[in-house]
Amino acid sequence: VGNLRAEDEALVALCRAVPGRVRTHLNRFEFHLALGAIWEIVSAANKLMDEQKPGAVLIGVDGSCAAVGSGGGFGSAEAEFQHIMRLLCEALRYLANLLEPFMPEAASTFRQHLGLGAADLASVNEFFGLGEGRQVPAPHGVCMRIEKAA
């Protein structure tokens, strides 16, 4: 797991807290609040991606693969990139399991992206449940983009 920055710890803490909140909301039939709690993970992961820019860690301004990242205390740009991507994959794993009752097809696609099988709600008890060095299949689209006619 290594070096967790403050923004990393915030995502980890949120992912650990949300499943309990979702259970509480579902037990009260507060489906909109359960989805709102899940969407907090989406927002936090998007924020992490926007702020830490994993692609920019490895790719230079001119587009060359220059490993320009600061290393962020990780020793190398590649290690920093892997750290950021691991956090994002773990957040996606939480989403894949928590969204199952609401968006089963999208949740299944998320799990496929991570090389996982069936939904496993017990797995949301451990943030770093994917393990280090996990190889994931090549991604494909999850949601269809709606194009407006010209």
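Residues numbered from 1 in each chain as written. Predicted model: local features only at pLDDT ≥ 70, side-chain atom pairs only at ≥ 80, totals over all residues. Heavy atoms only, no water.

## Topic: the overall build of the protein
When helices and strands are tallied, the protein shows five helices and zero strands. When the helices and strands of the protein are read in sequence order from the N terminus, they spell out α-α-α-α-α. When the 150 residues of the protein are sorted by exposure, 35% land in the buried category. Long-range pairs, those at least 24 residues apart, make up 62% of the contacts in the protein with a sequence separation of at least 6. On the protein, roughly 8900 Å² of surface is accessible, and the fraction owed to carbon and sulfur atoms is 58%. (Helix = DSSP H or I, 4+ residues; strand = E, 2+ residues; numbered from the N terminus. Buried < 20%, exposed > 50% of the residue type's maximum accessible area, 1.4 Å probe, protein only. Contact = heavy atoms within 4.5 Å. Areas by Shrake-Rupley, 256 points an atom, 1.4 Å probe, with all protein chains shown as cover.)

## Examining the packing of helix α4 (residues 77-98) against helix α5 (residues 104-113)
Orientation of α4 relative to α5, taken along the N-to-C sense of each, is 145°, at an axis distance of 8 Å. The two elements α4 and α5 meet at a crossing, and its hand is left-handed. Between α4 and α5, the contacting residues are Leu92, Leu95, Ala96 and Asn97 on the first element and Ala107, Phe110 and Arg111 on the second. Taken together, the residues of the contact of α4 with α5 break down into five nonpolar, one polar and one charged. (Axes fitted to C-alpha atoms, helices over the stretch in contact; angles between N-to-C directions. Left-handed = near helix turned anticlockwise from the far one by under 90°. Nonpolar A, V, L, I, M, F, W, Y, C, P; charged D, E, K, R; others polar.)

## Thoughts on helix α2 (residues 31-52)
For α2, with 22 residues, the first-to-last C-alpha span of 32 Å sits near the 32 Å given by 1.5 Å per residue. Turning to α2, its buried residues number three or more, namely Ala34, Ala37, Ile38, Ile41, Ala44, Ala45, Leu48 and Gln52. Seen end-on, α2 carries its buried residues on one side only, within an arc spanning 100°. What points out from α2, more than 90 degrees from its buried face, is the exposed set His32 and Asp50. Two residues or fewer after α2 comes lysine 53, characterised by a positive phi angle close to 40°. (Expected span 1.5 Å × (residues − 1). Arc of directions from axis to C-beta.)

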